[in-house]
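# Residue-level structure breakdown
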Amino acid sequence: MSNQDSSSSNPGGTPPASTGEPAALPSSPAPEPTVRVDAPRPRNVLREPAPWLVADSSRALDTNHRITQGYIQLAHAMQELLDPEYRPGGSSRVLSNWFAFAPHASLEAGKGMLGAYLARAIIDAAQGEPAPSVQRALDRGSLAGPDRLVAEKVAGTLRWFGLSHDVAASLGTLLSAANLDVFADPRTLWITAWRVARVLHEAPGVTPLEKAEAMARTLEQLLIDGNVAIYGDIAIAARMYLDWRGRSGGNTVTAAQVVDGFALEGAQAGEARRAWRYALEHVKDSPQPTHFTSVLPEVSGRSLLVASFALYEDARQTAGASERDALIAFANNYLAWHEQHNAVQPAFTPSTHREGEVPRAALMHAMTPTLRLPLGPVAWEFSDYTCRRPDRDHNVLTSKPTEYNWALFEDRWPAILSAFDVGYQHQAGLWQMPQPLIPSLNLLELD
């Protein structure tokens, strides 16, 4: 994105200043995220991106950065609890805790936010002068490397649907975090582009640029909603737990003390005890139970959090490696279930449609085949996961990745478990914590 000073070319005078300090991490569980991507923004009459027009997006990126930092700190703290020999910067002989996965997932959400940020920069520049080609439009967003190749591939296909260079480039940029290999199958590329074009057609706005901006804004808000909701729920609960544990005797704390004594809003001691005992009874099952609504129908997600912390304490005090790791895996599944079933689901399927947005489930349906989760030097990819799944519609004209919708819990949950398996198989890489999206931001130095 251009850093050129645009004040001399702005007919309205000096660009408006930022709307304030970046939002801090939530200090307590909150049902509503504190960061909003506002719909109305000034019209850009310049010929280059104007960073001040997308300042609201930079606030979302800063919040994501701080959340990723918080997860890294919790990942280290929880692993030190489970493995006294673990030190940040190294690996662990003990199975990784849920928080070791969280920084990678959070950073991937940040990549989606960055894609939306750059897409809106392309749209802003197009208001001043339409780009003569997709390549020129992508230049305005400063997209480069593998992301550029993906965006060009998608944008080129979208042009077949009659979209302008600028609109096609902006929508291609939304999907730029994907692996280019996923589009080696022409069925996946074509169906993805068709779904994106259909969402655009139904998007609010008068002009195609306004409709494209609504799509970018929806993706950005969806990602920040989910990012903040998960952190404000699970990460804050973990911080509260570690504080409580420190006050209650540290390593002398037992699992029974956790379920009876750790008070967490929304959790019930009786429910937490039931979930904890159920895990102890089934921890040696192969495979372990993972559909907790069926087996623990009256246990709330917040009670599962308490039970997971109790299982971590059991694991810490277990000598046998296989039994210890099984306890950690069960606890991770409790945490992941609550994360996906309760904390993040409203971000994908909100109870009410937000004005100025496209339907979130429809947008995620289009993007699902492109999803991936880098875990250090390896990456879990949705397209690889679906290759090992049955063909849902038995139709040779549709590829397997296009037969799922990440917005639906029943489609997402088995995929999440497969991503955990990949992480467990490459634990050394999992502990190579992600670097900041923006080089000037240092995870270890941010206040």
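In case you missed it, the structure is sitting above this.
Residues numbered from 1 in each chain as written. Predicted model: local features only at pLDDT ≥ 70, side-chain atom pairs only at ≥ 80, totals over all residues. Heavy atoms only, no water.

Time to look at the overall build of the protein. A tally of helices and strands in the protein yields 17 helices and 2 strands. The 447 residues of the protein split such that 57% are buried. In the protein, 76% of the contacts between residues at least 6 apart in sequence involve partners at least 24 apart. Total accessible area on the protein stands at roughly 18,900 Å², and carbon and sulfur atoms take up 53% of it. (Helix = DSSP H or I, 4+ residues; strand = E, 2+ residues; numbered from the N terminus. Buried < 20%, exposed > 50% of the residue type's maximum accessible area, 1.4 Å probe, protein only. Contact = heavy atoms within 4.5 Å. Areas by Shrake-Rupley, 256 points an atom, 1.4 Å probe, with all protein chains shown as cover.)

Let us look at the pairing of strand 1 (residues 372–375). Here strand 1 runs beside strand 2 (residues 378–381); their pairing, made up of 4 bridges, is antiparallel. Paired with L375 across the strands is V378, a residue of strand 2. Linking strand 1 to strand 2, which pair antiparallel, is a turn of 2 residues; within it G376 sits at a positive phi near 75 degrees. (Pairing = 2+ DSSP bridges.)

Moving on: the nonpolar core. Of all hydrophobic cores here, the largest spans 137 residues; its most connected members are W98, L171, M215 and Y334. In terms of residue count, the dominant contributor to this core is helix 7 (residues 208–247) (19 residues). (Core = buried A, V, L, I, M, F, W, Y, C linked by side-chain atoms within 4.5 Å.)

Relative to the helices and strands, A131 is located in the loop between helix 2 (98–128) and helix 3 (134–140). Put simply, A131 and A169 are 38 residues apart on the chain and 9.7 Å apart in space, counted from C-alpha to C-alpha. Each residue touching A131, except ones within four places of it in the same chain, is listed here: R136, A137, R140, H165 and D166.

On to the packing of helix 6 (residues 186–202) against helix 14 (residues 360–367), then. Relative to each other, helix 6 and helix 14 sit at 160 degrees, their axes nearing to 8 Å. The pairing of helix 6 with helix 14 is recorded here as roughly antiparallel in orientation. Crossing handedness for the pair helix 6 and helix 14: left-handed. Contact residues: T192, R195, V196 and V199 in helix 6; A362, L363, H365 and A366 in helix 14. (Axes fitted to C-alpha atoms, helices over the stretch in contact; angles between N-to-C directions. Parallel < 35°, antiparallel > 145°, perpendicular 65-115°, else oblique. Left-handed = near helix turned anticlockwise from the far one by under 90°.)

Turning our attention to the side chain of T68. Looking at the secondary structure, you find T68 in helix 1 (residues 55–82). Excluding residues that lie within four positions of it along the chain, T68 makes contacts with P103, S106, L107 and P434.

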